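One-letter residues, chain by chain:
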Amino acid sequence: MVMTIQDPASQRLTWYKPPLTVLVIKKVRDAMVIPPFIQLVKWFINQKRMVVFVESAIMDDPVLTRHPEFGHIKEKLMTFDEKKDDLTDKIDFCCCLGGDGTLLYASSLFQQSVPPIMAFHLGSLGFLTPFKFEDFEAQVTHVLEGHAALTLRSRLRCILMKKEEEETSAKPNTNQLVLNEVVIDRGPSPYLSNIDLYLDGKLITSVQGDGLIVSTPTGSTAYAVAAGASMIHPSVPAVMVTPICPHSLSFRPIVVPAGVELKICVSPDSRNTAWVSFDGRMRQELCHGDSLRVTTSIYPIPSISAQDQITDWFDSLAECLHWNVRKKQRTLDELSDLSSDPYDEIKNETKNET
């Protein structure tokens, strides 16, 4: 038997037709993003002749509406409401201006297939935003011409089945895709969480602690790494399970294959319920009898790389997390003669003074 391993460098952006529509998402409540936002939107409309979509909420942003340039482009923008409109198959290309949270928000807008996303670093951390805005014309043109590497970032399909929904075989109200992680925690309760974890229907363990993080490889460098997990390259097909402050010295984070189904529920003898959130949104209670099912989605995020998959990831580790930063050890040539007594100089100075 021979196993074929795909080279990450082989994942390249290919346009089957020239992109005609672009979604531009900016970081909210940040006046510093307004000038780059207007500059980028004007360029798409006037230079690239593309149809630009923006959130309807930004049309009422007082900082944006007071900008003198915004009046010239306002009528040319297409708007959408995230609670009402489905963007699936309407957007060819997406640009994010902000930090990692902006990319997470863009992911939440597409609950099925996702257009290629180009993320500009105009936020705080910027682990997932490899592009600098200073030379955006050349960079975006390069991407629109199809000259770019892609990182396919897997997402998790999270289905929360309430007890009454399971008993009546009703359609679950909560069915979400997450890019980073789904977090189950003890919420406001002072008691330990007592959570049962199943893998493909088999009970693996019961988690006693503050909670549990189920993350993608992309999310391994977010909440999970703060809870002691390893960092996984986003191209690795895996799901990471990380306990939050477990009341056990031997409960280490684990990595399971991407094809498994995880089921998480509150243990029947638990003193309290749990709470669940999806990429930090839609926080809700997980009660006794409820279950959360997590699988790897078939709809990844095609994230455009500034250089390539490997270089971008290690650059982010170094620049954002200061991975393996250490003062370099001196070479032997830089050391003093080890055969001499290091205190000889001090002894001589003391002798001369006397």
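All figures in this text were calculated on a predicted structure; none of them were measured in a lab. The residue numbers shown here count from 1 along each chain, following its written sequence. A pLDDT threshold of at least 70 governs which residues receive local features in this predicted model, and a stricter bar of 80 or more applies before side-chain atom pairs are shown or counted, although totals over entire chains, interfaces and linings include all residues. Values reported for side chains reflect all heavy atoms of the structure, with hydrogen atoms and water molecules removed beforehand.

### A look at the overall build of the protein chain
Phase 1 of the analysis: To qualify as a helix, a DSSP run of H or I must reach at least 4 residues; to qualify as a strand, a run of E must reach at least 2; elements of each kind are numbered from the N terminus. Along the protein chain, the regular secondary structure elements total nine helices and 19 strands.
Phase 2 of the analysis: When its C-alpha atoms are laid out on the principal axes, the protein chain stretches across 90 × 60 × 55 Å.
Phase 3 of the analysis: Contacts: residue pairs with any heavy atoms within 4.5 Å of one another. For the protein chain, contacts bridging at least 24 residues in sequence account for 70% of all contacts bridging at least 6.
Phase 4 of the analysis: Carbon together with sulfur atoms contributes 53% to the accessible area of the protein chain, which is approximately 19,500 Å² in total.
Phase 5 of the analysis: Positive charges come from Lys and Arg alone, negative charges from Asp and Glu alone, with His and the N- and C-terminal ends not counted. Every charge is mapped onto a representative atom, which is NZ of Lys, CZ of Arg, CG of Asp or CD of Glu. Across the protein chain, the 35 positively charged side chains and the 44 negatively charged ones have centroids separated by 4 Å. What sets the accessible areas is the Shrake-Rupley method with a 1.4 Å probe; for residues, cover comes only from the shown protein chains.

### With respect to the sheet that holds strand β10 (residues 193-199)
Phase 1 of the analysis: Read across the sheet, six strands follow the order β8-β7-β18-β15-β10-β11 without closing on themselves; strand pairing throughout is antiparallel. A single partner strand is all that each edge strand has here, and the edge strands are β8 (174-178) and β11 (202-209). When the angles between neighbouring strand axes are averaged without regard to direction, this sheet yields 20°.
Phase 2 of the analysis: Note: two strands are recorded as paired if DSSP finds a minimum of 2 bridges between them. As defined by bridge partners, strand β7 (residues 156-161) adjoins strand β18 (residues 291-296) across six bridges and the pair is classed as antiparallel. Across the sheet, Leu 156 pairs through a bridge with Thr 296, a residue of β18. Only the stretch in contact is used when fitting a helix axis, every axis being a line fitted to C-alpha atoms; angles between N-to-C directions are given from 0 to 180 degrees.

### Structural notes on empty space enclosed by the protein
Empty space left among the atoms is revealed by rolling a probe the size of a water molecule over them.
Phase 1 of the analysis: In this analysis a 1.4 Å probe is tested at points of a 1 Å grid over the protein atoms alone, and where it fits but cannot get out there is a cavity; an open set with protein on both sides within 12 Å along at least five of seven lines is a pocket; lining residues have an atom within 4 Å of a point. Grid points are joined across faces, edges and corners, and a volume is the space filled by probe spheres set on the points. Applying the stated criterion across every chain, the model contains two cavities of 30 Å³ or more.
Phase 2 of the analysis: Estimated volume of the largest cavity: approximately 100 Å³.
Phase 3 of the analysis: Considering the residues around the largest cavity, the lining is formed by 13 residues, among which Pro 130, Thr 151, Arg 153, Asp 312 and Trp 313 are closest to the centre.
Phase 4 of the analysis: Put simply, the parts of the chain that give the lining of the largest cavity at least two residues each are β6 (150-153), β19 (301-304) and α8 (309-321).
Phase 5 of the analysis: Element by element, the count of residues in the lining of the largest cavity is highest for α8, at four residues.
Phase 6 of the analysis: Class assignment for the residues of the lining of the largest cavity results in six nonpolar, five polar and two charged.
Phase 7 of the analysis: There is about 60 Å³ of room inside the second largest cavity.
Phase 8 of the analysis: In this structure, the second largest cavity is lined by Leu 104, Ser 108, Gln 176, Leu 177, Val 178, Phe 278, Asp 279, Arg 281 and Met 282.
Phase 9 of the analysis: Elements with a minimum of two residues in the lining of the second largest cavity: α4 (100-109), β8 and β17 (281-286).
Phase 10 of the analysis: When residues in the lining of the second largest cavity are grouped by element, the largest group, three residues, is from β8.
Phase 11 of the analysis: Any residue that is not Ala, Val, Leu, Ile, Met, Phe, Trp, Tyr, Cys, Pro, Asp, Glu, Lys or Arg is counted as polar, Gly included; the first ten are nonpolar and the last four charged. Each residue belonging to the lining of the second largest cavity can be placed in one class, and the counts come to five nonpolar, two polar and two charged.

### Observations concerning the nonpolar core
A general trend in soluble globular proteins is that nonpolar side chains are found buried together.
Phase 1 of the analysis: Formed by 35 residues in total, the largest nonpolar core has its most connected members in Phe 44 and Phe 93.
Phase 2 of the analysis: Sorting the residues of this core by element identifies β1 (21-26), α1 (34-46), β2 (51-55), α3 (70-73), β4 (93-98), β5 (117-121) and α5 (136-144) as the ones contributing at least two each.
Phase 3 of the analysis: No other element matches α1, which puts eight residues into this core.
Phase 4 of the analysis: Among the buried residues, those of types Ala, Val, Leu, Ile, Met, Phe, Trp, Tyr and Cys that are joined through side-chain atoms within 4.5 Å form a nonpolar core. Each residue's exposure class comes from its accessible area (1.4 Å probe, protein chains only) as a fraction of the maximum for that residue type: buried when under 20%, exposed when over 50%, partly exposed otherwise. In terms of nonpolar packing, the next biggest core, distinct from the first, is built from 25 residues, Leu 156, Val 207, Phe 251 and Val 260 among them.

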